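Geometric and topological summary
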Amino acid sequence: MKVTWETHGGQAAAIRLGLPPKVLDADALPENMAGELDRLVAAALPEAEEKRRGSARDAMSYTITVEDGGRSTVLTRSDATMTPAFAALLGWLEKHTAQP
């Protein structure tokens, strides 16, 4: 499984403009971390089709693309529409790709 994610908008949008998306390959992770990522993705995927309303001035938006077994699923949320499962996945991804 490969997970790619991007952050858009917000007050610091110009800083991120043109930056490549972040990518995490589950095959390169230790088994326990790959299992945790699988659980977080499984919790967030049912929400992929849900349409959520909401807006906030200068809100950040996030796109997470999960590629697994030849399938690609895109999850998109903003600060105003983020679900707990999406927030948990995004937080885990950010934590495990943080620069030292």
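That block above? That's the structure.
**As for the overall build of the chain**
Within the chain one finds three helices and four strands. When each of the 100 residues of the chain is scored for burial, the buried share is 34%. A fraction of 62% describes how many contacts in the chain between residues 6 or more apart in sequence connect residues 24 or more apart. With the model as given, the accessible surface of the chain reaches about 6400 Å², and the carbon-plus-sulfur share is 52%.

**Brief notes about the nonpolar core**
For soluble globular proteins, the rule of thumb is that nonpolar side chains tend to be buried together. Grouped together as the largest cluster of nonpolar side chains are 23 residues, with contacts concentrated most on Leu29, Leu37, Ile64, Leu89, Trp92 and Leu93. Elements represented by at least two residues in this core include exactly β1 (2-9), α2 (31-44), β3 (60-68) and α3 (84-95).

**What to know about the pairing of β3**
Successive residues of a regular strand alternate their side chains across the two faces of the sheet. The pairing of β1 with β3 spans eight bridges and is antiparallel. Bridging from a neighbouring strand, Gly9 pairs with Met60 of β3. With eight bridges connecting them, β3 and strand β4 (residues 71-78) associate as antiparallel partners. Each bridged residue has a counterpart across the sheet, and for Glu67 the counterpart in β4 is Ser72. Connecting β3 to the antiparallel partner β4 that follows it, the hairpin turn spans two residues, and Gly69 within it adopts a positive phi of roughly 60°.

**Side note on α3**
End to end, α3 covers 16 Å across twelve residues, agreeing with the expected 16 Å (1.5 Å per residue, within 8%). In this structure, the buried side of α3 is in contact with β1, β2 (22-25), α2, β3 and β4.

**Overview of the sheet that holds β1**
Pairing in this open sheet of four strands is antiparallel, and the strands run β2-β1-β3-β4 from one edge to the other. Each edge of the open sheet is held by one strand with a lone partner, namely β2 and β4. Across the sheet, the axes of successive neighbouring strands diverge by a mean angle of 15°, strand direction being ignored. Most of the contacts of α3 go to β3, to which it runs at about 80°, and overall it touches β1, β2, β3 and β4.

**Let's talk about the side chain of Thr81**
Looking at the secondary structure, you find Thr81 in the loop between β4 and α3. A polar contact of 2.9 Å, which involves the side chain of Thr81, links it to the backbone nitrogen of Ser78.

**With respect to the packing of α2 against α3**
Between two packed helices, what matters for the description is the angle formed by their axes and the separation of those axes. At a minimum axis separation of 8 Å, α2 and α3 run at an interaxial angle of 150°. As the angle between them shows, α2 and α3 are arranged roughly antiparallel. Crossing of α2 against α3: the hand is left-handed. Across from Met33, Glu36, Leu37, Leu40, Val41, Ala43 and Ala44 in α2, the residues of α3 making contact are Ala85, Phe86, Ala88, Leu89, Trp92 and Leu93. Among the residues forming the contact of α2 with α3, the class breakdown is twelve nonpolar, no polar and one charged.

Rules used in this analysis
Residues numbered from 1 in each chain as written. Predicted model: local features only at pLDDT ≥ 70, side-chain atom pairs only at ≥ 80, totals over all residues. Heavy atoms only, no water. Helix = DSSP H or I, 4+ residues; strand = E, 2+ residues; numbered from the N terminus. Buried < 20%, exposed > 50% of the residue type's maximum accessible area, 1.4 Å probe, protein only. Contact = heavy atoms within 4.5 Å. Areas by Shrake-Rupley, 256 points an atom, 1.4 Å probe, with all protein chains shown as cover. Core = buried A, V, L, I, M, F, W, Y, C linked by side-chain atoms within 4.5 Å. Pairing = 2+ DSSP bridges. Expected span 1.5 Å × (residues − 1). Axes fitted to C-alpha atoms, helices over the stretch in contact; angles between N-to-C directions. Polar contact = N/O pair within 3.5 Å; in protein donor to acceptor, adjacent residues only side chain to side chain. Parallel < 35°, antiparallel > 145°, perpendicular 65-115°, else oblique. Left-handed = near helix turned anticlockwise from the far one by under 90°. Nonpolar A, V, L, I, M, F, W, Y, C, P; charged D, E, K, R; others polar.

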